[in-house]
Each structure stands twice: as structure tokens, then as C-alpha cells.
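What the coordinates show
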Amino acid sequence: MTDTLTLPPRTRPAPSRRPHLISGPATGLLLAALVAGLVAALVVGISIGSVNLPLAQVWGVVWAHVTGRGAQADPLLSQVVWEIRTPRALLAALAGAGLSVAGVALQALVRNPLADPYVLGVSSAASLGAVLVPALGSTALAGAFGVTGAAFAAAMLSALLVYVLSQRAGRLLDTWLVLTGVAVGYLCAAATTFVQLQLNPTELQGMMFWLMGSVAGASWPDLGVPALLIVACMVWLALQARALNALLAGEEAAIAIGVPVAAPRIGLLVAGSLLTATVVSVVGGIGFIGLMIPHMVRFVVGADHRRVLPVSLLTGALFLVLVDLAARTVDRPNELPVGIFTTGLGVPFFLWLLRRRAKGGTDAA
């Protein structure tokens with residue numbers, strides 16, 4: 001008779017027992033569909049803007065730049081298509097992917113689907129760090145950190161503060177987590193407002209639009225750092241998938257099956273903060289993507305991080321490309337910050353999620 005205290009050799013943590021819509025080989029089909037959808041959304045995003053342009057001319061410009069062949073396009077048309085629309089669509093995809101993966105990392109860290117960079121105050125702290133740099137001008141502090149460095153430092157401090165203050169007797173409390181994150185977020189928002197008051201009216205208008213979250217003004221140099229960091233964090237998170245699945249069962253269960261928890265948790269804190277800081281430094285404070293996307297993905301593919309991570313990355317990228325497309329076409333020729341749309345969708349989703357949890361309808365996955 002098998003000893004009930006002995007774990008079978010093949011035992012591994014079960015991420016979740018809740019039913020989900022897609023599993024097994026169908027996950028590959030879902031990934032393929034998301035890739036196709038993302039490519040289609042990027043094509044539409046480059047083709048359509050606040051100004052109507054003939055599609056043949058638009059893609060003639062893209063083809064000429066990609067292949068180095070084709071007729072020389074009108075300089076103004078080339079600037080609109082290649083220097084404005086194309087990097088903007090790509091940056092929207094990178095920002096959506098980065099915030100979604102950051103949400104997965106932070107939710108795995110605290111084992112709570114309510115966690116995301118915006119709700120936990122990380123996004124607000126990163127915004128504060130980022131706005132301090134132009135406010136300080138050419139001082140030594142601004143020159144030493146740069147926008148991304150200052151945003152990362154502020155995001156790390158915020159995440160660490162929320163994480164520490166949310167623990168009681170060594171246990172992480174869900175209620176304290178949300179309340180502490182909201183409090184830290186409000187504090188950072190107040191500090192950001194104070195910094196804004198020190199700016200002149202021209203700087204203030206641009207800063208307010210940026211703080212709401214916008215990919216307007218994207219350029220090719222903006223794409224390199226976010227792309228590299230997203231790839232690096234995704235590789236690390238994929239290698240830690242077993243540890244992330246174990247953390248869903250709790251620290252005691254993870255330790256019992258031989259999975260260390262200290263190093264993965266520190267890595268999750270760094271990865272989530274780094275991704276958030278990087279995205280905020282280039283597109284401003286876009287909220288609730290890290291909350292909505294991972295939760296919806298878990299509903300579709302389950303809680304196994306081997307599926308959650310790639311599906312969340314592609315879903316977040318597709319989502320923000322579509323949101324940015326709406327932001328620049330709903331009120332043409334005017335453009336709206338994408339943060340208005342994500343917040344308008346995210347707040348009802350957050351309230352619905354709270355009600356489900358209050359009724360016992362969701363777990364930590």
C-alpha cells in the first residue's frame with residue numbers, strides 16, 4: 001500500500017482546478033489566431049489615422065522602407081506613414097504586451113487576480129519618477145537616472161512598500177494589499193500633481209496628456225529598450241513557470257514539493273516593476289491592462305503559466321493596438337489618450353471582479 005505521506009515522483013503543483021475554455025492542442029491554435037489578429041490589427045493601425053490616405057500609397061511607403069526598393073515616396077507622406085503611424089502601432093503592441101506580462105508577474109507574486117501595476121500603485125509611482133526628470137531639468141539627479149531609470153526606481157520602491165505593508169504575521173493579506181496599493185497610488189498621484197504645478201503651461205498640457213497614457217509621438221528609438229526588456233522578462237518568466245505555478249498553491253505547498261519561493265518572488269517584483277517602469281517612461285500611465293488581460297486569459301486557458309504568459313503577451317498587444325486605433329479615430333481629427341479607454345473598461349471590470357470574489361466565485365488564480 002502506498003504511503004500517503006510520500007509524494008509520487010511525477011507530482012507537480014496543479015495551477016488551478018477551475019474549468020477553462022481551451023486546453024491541450026487548442027492552445028496552439030489560439031496562439032496562432034492571436035498572432036494573425038495582431039498582424040491584422042497592426043496593418044489596420046498603419047493604414048488608418050486621423051488623416052485619410054490612399055492605402056496603395058501607404059503600403060507603397062512601407063514596402064519601400066522595408067525592402068529598400070520601390071519608388072521614392074513624397075517626403076510628407078513618408079513621414080506620416082513610416083515615422084509616425086508605423087512606430088506608433090508597434091509601440092502600442094509593445095506597451096500592451098509589457099503591461100500584460102507585468103500584470104501576470106505581480107499577480108503571481110501576491111497570488112491575487114486583483115493585483116496589477118495600476119491598482120498596486122506601481123504605475124503611479126513610475127509616472128512620478130518619470131515626470132521628476134523633466135521637472136528637474138539638467139540637474140545631476142536627472143542626468144544620472146534618466147526617465148526610465150527614475151521610473152524604475154520609483155516603481156521598485158512602491159512595489160516593495162506595498163508588499164511589506166500588506167503582510168501581517170508573515171502572511172500577505174488581500175484586503176491590505178489592495179488598500180495599501182490604492183493609498184500609495186494616491187500619494188504618488190498627489191506628488192505628481194505638485195510636480196505639475198511647477199511646470200509652465202506649455203509643459204503642463206503635454207504632461208497631462210502623457211500621464212493619461214498615449215502612444216502619440218512614438219518614434220523608432222522608443223521601440224528598442226521596451227522590446228529587449230519584454231523579451232528578457234518573458235524568457236525569465238517562462239523558465240520560472242514551474243515555480244510560478246507552485247506559488248499559486250501557497251508558500252508552504254511550494255516548499256513542500258521542493259520549489260524555493262524567495263528568489264522567484266524577488267524576481268517577480270523586479271520583472272513586474274521593470275516592465276511597468278519601462279512602459280510608463282515611453283507611453284505614460286495606461287491603467288488596468290495588467291488587471292484585465294491576465295484574468296481574462298486565465299478564464300480561457302487556465303492558470304498554468306506556460307500558457308498564461310504567451311497568451312497574455314499577445315492578447316495585451318492586440319488589445320492596446322485596437323484601443324489606440326479607437327483613440328485616434330473616434331473623434332477625428334482629434335486624438336484622445338488611450339488611458340481614457342482602458343480606464344473606462346478597467347474600472348467596471350475591477351468592480352465586477354470584486355463582486356465575484358466577494359461571492360466566492362474566483363480564486364487566487
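Just so you know, these numbers come straight off a predicted model, no measurement behind them.

Our focus in this paragraph is the overall build of the chain. From N to C terminus, the chain includes 14 helices and 2 strands. The burial tally for the chain puts 48% of its 365 residues in the buried class. Residue pairs at least 24 apart in sequence account for 77% of intrachain contacts in the chain once pairs closer than 6 positions are excluded.

Attention now moves to helix H12 (residues 289-301). For H12, built from 13 residues, the straight-helix expectation of 18 Å at 1.5 Å per residue is met to within 8% by its first-to-last C-alpha distance of 18 Å. In terms of burial, H12 is a largely internal element, 10 of the 13 residues being buried. For H12, every residue scored as buried is listed here: Ile289, Gly290, Leu291, Met292, Ile293, Pro294, His295, Val297, Arg298 and Val301. Tucked inside the fold, the buried residues of H12 contact helix H1 (26-47), helix H3 (75-110), helix H13 (305-327) and helix H14 (338-358).

What follows is about the packing of H13 against H14. What describes two packed helices is the angle between their axes and the distance between those same axes. Packing of H13 against H14 brings their axes to within 8 Å, and their N-to-C directions diverge by 120°. The angle between H13 and H14 falls in the class oblique. Crossing hand, H13 versus H14: right-handed. In contact with Phe319, Leu320, Val323, Asp324, Ala326 and Ala327 of H13, H14 contributes Val338, Phe341, Thr342 and Leu345.

The next thing to look at is the nonpolar core. Counting residues in each nonpolar core, the largest one holds 101 residues, and the members touching the most others are Leu38 and Leu268. With 19 residues, H3 is the single largest residue contributor to this core.

What follows concerns the confidence of the model for the chain. When the pLDDT values of the chain are averaged, the result is 83; 88% of them are 70 or greater. By mean pLDDT, the top-scoring element of the chain is H13 (96), and the lowest-scoring one is strand E2 (residues 171-172) (68). Every residue in residues 1-16 scores below 50 in pLDDT, and together they form 15 contacts with partners more than four places removed in sequence or on other chains. Every residue in residues 361-365 is under pLDDT 50, and counting partners more than four places away or in other chains gives 19 contacts.

Glancing now at the pattern of salt bridges. One pass over the structure, following the stated rule, counts 4 salt bridges. A salt bridge links Asp324 to Arg88; its shortest N-O distance comes to 2.9 Å. Separated by 236 residues along the polypeptide, Asp324 in helix H13 and Arg88 in helix H3 bring together distant segments of the chain. In this structure, Asp324 and Arg88 share a single accessibility class: buried. The residue Glu335 makes a salt bridge to Arg88 at a minimum N-O spacing of 2.8 Å. In this pair, Glu335 sits in the loop between H13 and H14 while Arg88 sits in helix H3, placing the two residues 247 residues apart along the sequence. Looking at Glu335, the relative accessible area reads 28%, which means it is partly exposed. Under the relative-accessibility criterion, Arg88 is labelled buried at 6%.

So, about the packing of aromatic side chains. For the structure shown, the criterion picks out 3 aromatic pairs. Pairing Trp82 with Trp220 gives two aromatic rings, centres 4.9 Å apart and planes at 35°, and the pair type is tilted. In this pair, Trp82 sits in helix H3 while Trp220 sits in the loop between helix H7 (201-211) and helix H8 (224-239), placing the two residues 138 residues apart along the sequence. With relative accessibility at 15%, the residue Trp82 sits in the buried group.

Criteria and cut-off values
Residues numbered from 1 in each chain as written. Predicted model: local features only at pLDDT ≥ 70, side-chain atom pairs only at ≥ 80, totals over all residues. Heavy atoms only, no water. Helix = DSSP H or I, 4+ residues; strand = E, 2+ residues; numbered from the N terminus. Buried < 20%, exposed > 50% of the residue type's maximum accessible area, 1.4 Å probe, protein only. Contact = heavy atoms within 4.5 Å. Expected span 1.5 Å × (residues − 1). Axes fitted to C-alpha atoms, helices over the stretch in contact; angles between N-to-C directions. Parallel < 35°, antiparallel > 145°, perpendicular 65-115°, else oblique. Left-handed = near helix turned anticlockwise from the far one by under 90°. Core = buried A, V, L, I, M, F, W, Y, C linked by side-chain atoms within 4.5 Å. pLDDT = per-residue confidence, 0-100. Salt bridge = Lys/Arg side-chain N within 4 Å of Asp/Glu carboxyl O. Phe/Tyr/Trp six-rings, centres within 6.5 Å; stacked < 30°, edge-to-face > 60°.

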